[in-house]
Amino acid sequence: MEKFDIVVIGAGPGGYPAAIHAAQLGKKVAIVEKEIFGGTCLNWGCIPTKALIASAEKFEEINNAAEYGIKVDKVSFNYSNVVSRKDAIVSKLNSGVGSLLKGNGVTSYAGTASLESRNVVKIAGKDNLKIEADKIILATGSESFIPGFIPKSPSIIESRAFLAMTKLPKSLIVLGGGVIGCELACMAAMFGVEVTVVEMLEDILIILDKDVRKAIRSNMEKMGITILTGEAMGDISATTKTVKGKVGDVEVKAEKMLVSIGRRPYTAGLELENAGVELDERGYVVVNDLCRTKAANIYCIGDANGGPQLAHAATAQALRVVDNLCNKERKAMEMLIPACIFTAPEVGVVGLTEQDAKEQGIDIKVGKYNFAGLGKALAAGATDGFVKWISDPKTDQLLGAVAVGAHATDLIAEAAVAIRNELTVDEIGNTVHAHPTFAESWMEAAHSVHNLCVHSVVRRRK
Amino acid sequence: MAQIVLMPKLGQTVEESTIVKWHKATGDTVKKGDVLFEIETDKAVLECESFYDGTLLKILVAEEETVPVQSVVAYIGEPGEEVPDAASAPVAKPVKAVAAPAPAKAEPVKAAPEKVFATVATPAPAVQASVAVAAPSAPTKLFISPRAKALVKNKVVNAENIAGSGPNGRIVEKDVLAYLEQTGYNNLRIAPAAKRLAAASNIDILEVKGTGDSGRIMVRDVETTIAEQPKIMSKMRQIIASRLAQSFGQIPHFYVTTSIDMTDLLSYRKELKAKDVNLSVTTFILEAVVMSLEEFPIVNSSTDGVAVTWHSDVDLGIAVSLEKGLVVPVVKGAQTLTMEELQNQMKALSEKARTGRLMPDEMSGSTFTVSNMGMFDVESFSAIINPGEGGILAVSSTLEQAVVVDGKIKIRSMMKVTLSADHRTVDGTKGAEFVKALKSKLEDIDLWKSLI
């Protein structure tokens, strides 16, 4: 039985960086993957959805070309070409991950892993063998699923099957107004699909502040998406051609239904009990603040440990866990995790939100700046949106930020740097931001925390 | 005409009280029975209710301020009504208390406990003073140039630590720069928000240990340093501290431990329970203590080192642990009570203690104390004598143990008790006899059958 210093199970955005980083630090590393390198993010998540959204946005942009003085006749699209473009991007990236692993000296095994003991990993599939591990890193991720109360039908699909479709339906119900649901709803709507989003909670994207939600919701509704919130969908029935159900008194009906009401951790078949790894009542692997499971030599990173289900959170945990293992340190995980949502308009958010502060009884001061006041936004024809700082009134510390509108998902990076390094409102305000750019809005918003924003009319203080 | 709210007089022994919290603000509507404020005496925290309907017009005694009992603390009346200011307010007139949780029983308090209280009360201000000196922000006269002062403020360091090279030891800019270099300040990495927080909280940056990337000082590090600053303890804690120190320093403690076989008593208690007689194990222990004290009055006595005072009553203190510290309500004349009465009084007093409604008189004058930690799974512990008493009994958990009975190993429910006795009056053999008497009582079921 071959012996490795570290065996990583799962080659997604948590697993493959863990394996490569450990190999770069001189460890003998193996990685086990049952499907394709890159995991959900690369194959059925972040990347393919962004490829489809890019096509949809391009289509939308061309349709609106007249606004910019450009005449375009007869615009049309071929969705199967859109899908093959997406597939090409995905395959390019996952072969890239394969060569990164190989190039860095990581041994890859194709098959499903299970734990025979704390130190022995059994692999079944294309490769069939047992390997010995000093340390094991579980990075098995999560999967989208359709809960039992929803009837089984080819018309009812989850996100992975949705991305594989080569033809768009005429109409679509999106059950679950979270991040995945709203992103795909916007994408489909841009391609002319008649979309209805059903969300049981009082609003879509409930983790965001009300003003941000309002900006997204009103634009989605302007795009023709019907949004039903505050009530669950009942009486769901489906044939091969249609899906229907009731939301309160409203009957909803469409050709297909996308179910996006959450993901569940992937731990089935891993036989974690053989190693003494415990799961919590929701099925997530129980870990401490260093991502260590109840078994001392086994770690769990990414979606499966119940933390934020974001690729970059998994990657950050991967690097920290490997650093701690290789350098015999006990550094805590990074807690400040930005989140990006690729709806229309897009959103970037990091740190404390206004509603968090209210719930936790934290005193805050807010500064906001609308894109409508930016020369660049006007020039680019993208004046919808704003950025917002959340700060501590006592020390001026920046505690949270959100951007909604054009480039919001890129803009949030500056806020993350500022918040992690505990900068103050003044320091962002004093940092010269190039003109004309969208990023200037951070500086203006910092000025408006103290009601000293030059480019807005400030209500006089009493 | 506005009504006067006085600092209530809570029993015979309390001379001053501190308002720890106002539940109403100036201008608030107040109803009779509403809690107006909370006070902390040297024995407990109590809620004080209003005797009047009206509007709280003026607060004269702020939170954390201590005033003699019967002082005017506030006025209640009609909105807009004129009230006298603090200076002209009548102080310490013997009027009836207009705010009090319950009428204090005007019972003459015995001389001994009063004396005890007097000796206890004095050290409290001394404790406060020493803490105040230790606090880093205590302003002292400092000779410093304006430029140096501005630099010190900007760097968030404590100027008192800097040696001045100017005339009369005046600190000049050069000294500050040298200090920053010599202390390694210039190599520190400090997050801007952390620096602001330190400045706002009067924390010297040099006291903070950085835990961020490459040892950068982060907000959490400053928060840790803030949490480490000495804080004045509550008055209750200060009293506990000074009483314990006084007791442990002055009273030579002597300890005797014994194991008591509770197996038979526990099964007898079950039998009683089946007959709807509900007596707790604690009640049996307390009753056995009372009987043993009557047999050994020296354990129920007190001494100042010169005279010894025997007490004919067993005024039994029962230690009750609260979030803020320990209180010891007293069952007076415990030897005159039936077991049921003893249990009821103990329950009522503990309940009052937990809800913060114990009156000072209900917490003073005990002659012996029982501290029961049976519910905390402790095998054995010893307690510190309450000043003014001859001893204290520490009662540990009843645990199943392998015990030799008639030459055979049996599983029995065993409970350890430890008597701490004042060795100046209680000889070792007396202490041993006392715990033996206690043990034989608790193990004698026929005795209990004759009592219940």
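Please read these numbers as outputs of a predicted model, since none were measured by experiment.

Another point: the overall build of chain A. The helix and strand inventory of chain A stands at 13 helices and 22 strands. For chain A, whose C-alpha radius of gyration is 24 Å, the value lies close to the compact-globule estimate of 23 Å for 462 residues. Dimensions of chain A, computed from the C-alpha atoms along their principal axes, are close to 75 × 60 × 40 Å. Going through the 462 residues of chain A one by one, you find that 47% of them count as buried.

With that settled, the discussion passes to the environment of B:M291. Residues and elements named next belong to chain B. Its place among the elements puts M291 in helix α9 (residues 281–295). You can call M291 partly exposed: it has 16 C-beta atoms within 10 Å. Distance from M291 to D422, taken between C-alpha atoms, is 19 Å for residues 131 residues apart in sequence.

Moving on: the nonpolar core. Within the largest apolar cluster, 110 residues are counted, with the highest numbers of intra-cluster contacts made by A:A185, A:V347, A:A401 and B:A194. Looking at this core, the element that brings in the most residues is helix α6 (residues 179–190) of chain A, giving 10 residues. Excluding its chain neighbours within four sequence positions, the residues that come into contact with A:A185 are A:V174, A:V195, A:V197, A:M220 and A:I225. Counting 76 residues, the second-largest nonpolar core is a separate cluster that includes B:I39, B:I239, B:L349 and B:V370.

Glancing now at the pairing of strand β2 (residues 29–33) of chain A. When a strand is regular, its side chains alternate between the sheet's two faces. Residues and elements named next belong to chain A. A large share of β2 lies buried, amounting to five of its five residues. Bridge count between strand β1 (residues 2–9) and β2: four bridges; the pairing is parallel. Bridging from a neighbouring strand, I9 pairs with V32 of β2. Taken together, β1, helix α1 (residues 15–24) and β2 constitute a β-α-β crossover, and its handedness is right-handed.

Another point: the pairing of strand β9 (residues 171–175) of chain A. Residues and elements named next belong to chain A. Counted residue by residue, β9 has four buried out of five residues, so it is predominantly covered. Crossover β9 to strand β10 (residues 194–199) through α6 is right-handed. For β9 and strand β15 (residues 256–259), the ladder comprises four bridges, and the chain directions are parallel. Residue pairing for β15: V174 is matched across the bridge by L258.

Here we take up the domain arrangement of chain A. Entries for chain A in the domain assignment read domain 1 (2–144 + 264–327), domain 2 (156–261) and domain 3 (345–449). Taken over C-alpha atoms, the centre of domain 1 of chain A sits 31 Å from the centre of domain 3 of chain A.

Take the packing of α1(A) against helix α8 (residues 311–327) of chain A next. Residue and element names in this part refer to chain A. Contact geometry for α1 and α8: axes closest at 8 Å, N-to-C directions at 30 degrees. By the criterion of interaxial angle, the relationship of α1 to α8 is roughly parallel. Here the hand of the crossing between α1 and α8 comes out right-handed. Where α1 abuts α8, its residues P17, A18, H21 and A22 lie against T315, A318, L319, V321, V322 and C326.

Right, let's get into the interface of chain B and chain A. In this assembly, nine residues from chain B lie in contact with nine residues from chain A. It is helix α5 (residues 192–200) of chain B that contributes the most residues to the side of chain B that touches chain A, six residues altogether. Across the side of chain B that touches chain A, the residue classes break down as eight nonpolar, no polar and one charged.

All names here are of chain B. With respect to topology, six strands assemble into an open sheet ordered β9-β18-β17-β16-β12-β15, the strand pairing being mixed. With one partner strand each, in any of the chains shown, β9 (253–261) and β15 (330–331) form the two edges of the open sheet. The strands touched by α9 are β12 (316–318), β16 (368–372) and β17 (391–405); relative to β16, the strand with the most contacts, the crossing angle is about 155 degrees.

With that out of the way, let us pick up helix α8 (residues 263–274) of chain B. The terminal C-alpha atoms of α8(B), which comprises 12 residues, lie 17 Å apart, in line with the 16 Å expected from a rise of 1.5 Å per residue. At the exit of α8(B) stands B:D276, carrying a positive phi of roughly 65 degrees.

Another aspect to go through is the confidence of the model for chain B. Residues and elements named next belong to chain B. Per-residue confidence for chain B gives a mean pLDDT of 85; residues scoring 70 or more make up 86%. Every residue in residues 87–138 scores below 50 in pLDDT, and together they form 84 contacts with partners more than four places removed in sequence or on other chains. Here the predicted complex scores 0.76 on pTM and 0.82 on ipTM.

A separate point is α8(A). Residue and element names in this part refer to chain A. An ideal rise of 1.5 Å per residue puts 24 Å on 17 residues; α8 measures up with 24 Å between its terminal C-alpha atoms. Tucked into the core, α8 has its buried residues touching α1, α2 (39–44), α3 (46–63), β6 (129–138) and β17 (298–300). Of the residues flanking the end of α8, it is K328, one or two places downstream, whose phi is positive at about 50 degrees.

Residue and element names in this part refer to chain A. The five strands are arranged β18-β19-β22-β21-β20 in an open sheet whose pairing can be described as antiparallel. Every other strand in the sheet has two partners, leaving β18 (339–341) and β20 (365–370) as the edge strands with one partner each. In this sheet, adjacent strand axes meet at a mean angle of 10 degrees when their direction is disregarded. Sheet analysis places strand β19 (residues 347–351) next to strand β22 (residues 398–405), joined by five bridges and oriented antiparallel. Paired with V350 across the strands is A401, a residue of β22. Relative to β22, helix α7 (residues 210–222) is tilted by about 10 degrees, and along the sheet it contacts β19, β21 (385–391) and β22.

For the peptide bond that leads from A:A344 to A:P345, omega is 0 degrees, which places it in the cis range. Cis geometry marks the peptide bond from A:H435 to A:P436; its omega dihedral reads -5 degrees. The backbone phi angle of A:E422 is positive, close to 55 degrees, even though this residue is not glycine. Its location among the elements puts A:E422 in the loop between α11 (408–420) and α12 (425–430). For A:E422, a count of 26 C-beta atoms within 10 Å translates into the label buried. Its identity is not glycine, yet B:D377 carries a phi of approximately 55 degrees, on the positive side. By the secondary structure assignment, B:D377 is in the loop between β16 and β17. C-beta crowding within 10 Å serves as the criterion here: with 9 such atoms nearby, B:D377 is assigned to the exposed category.

Procedures and definitions
- Residues numbered from 1 in each chain as written.
- Chains lettered and ligands numbered in written order.
- Predicted model: local features only at pLDDT ≥ 70, side-chain atom pairs only at ≥ 80, totals over all residues.
- Helix = DSSP H or I, 4+ residues; strand = E, 2+ residues; numbered from the N terminus.
- Rg over C-alpha atoms; globule rule 2.2 N^0.38 Å.
- Buried ≥ 20, exposed ≤ 12 C-beta atoms within 10 Å, placed from the backbone.
- Core = buried A, V, L, I, M, F, W, Y, C linked by C-beta atoms within 7 Å.
- Contact = placed C-beta atoms within 7 Å.
- Pairing = 2+ DSSP bridges.
- Right-handed = clockwise from strand over helix to strand, strands pointing away.
- Domains from an automatic or database assignment.
- Axes fitted to C-alpha atoms, helices over the stretch in contact; angles between N-to-C directions.
- Parallel < 35°, antiparallel > 145°, perpendicular 65-115°, else oblique.
- Left-handed = near helix turned anticlockwise from the far one by under 90°.
- Nonpolar A, V, L, I, M, F, W, Y, C, P; charged D, E, K, R; others polar.
- Expected span 1.5 Å × (residues − 1).
- pLDDT = per-residue confidence, 0-100.

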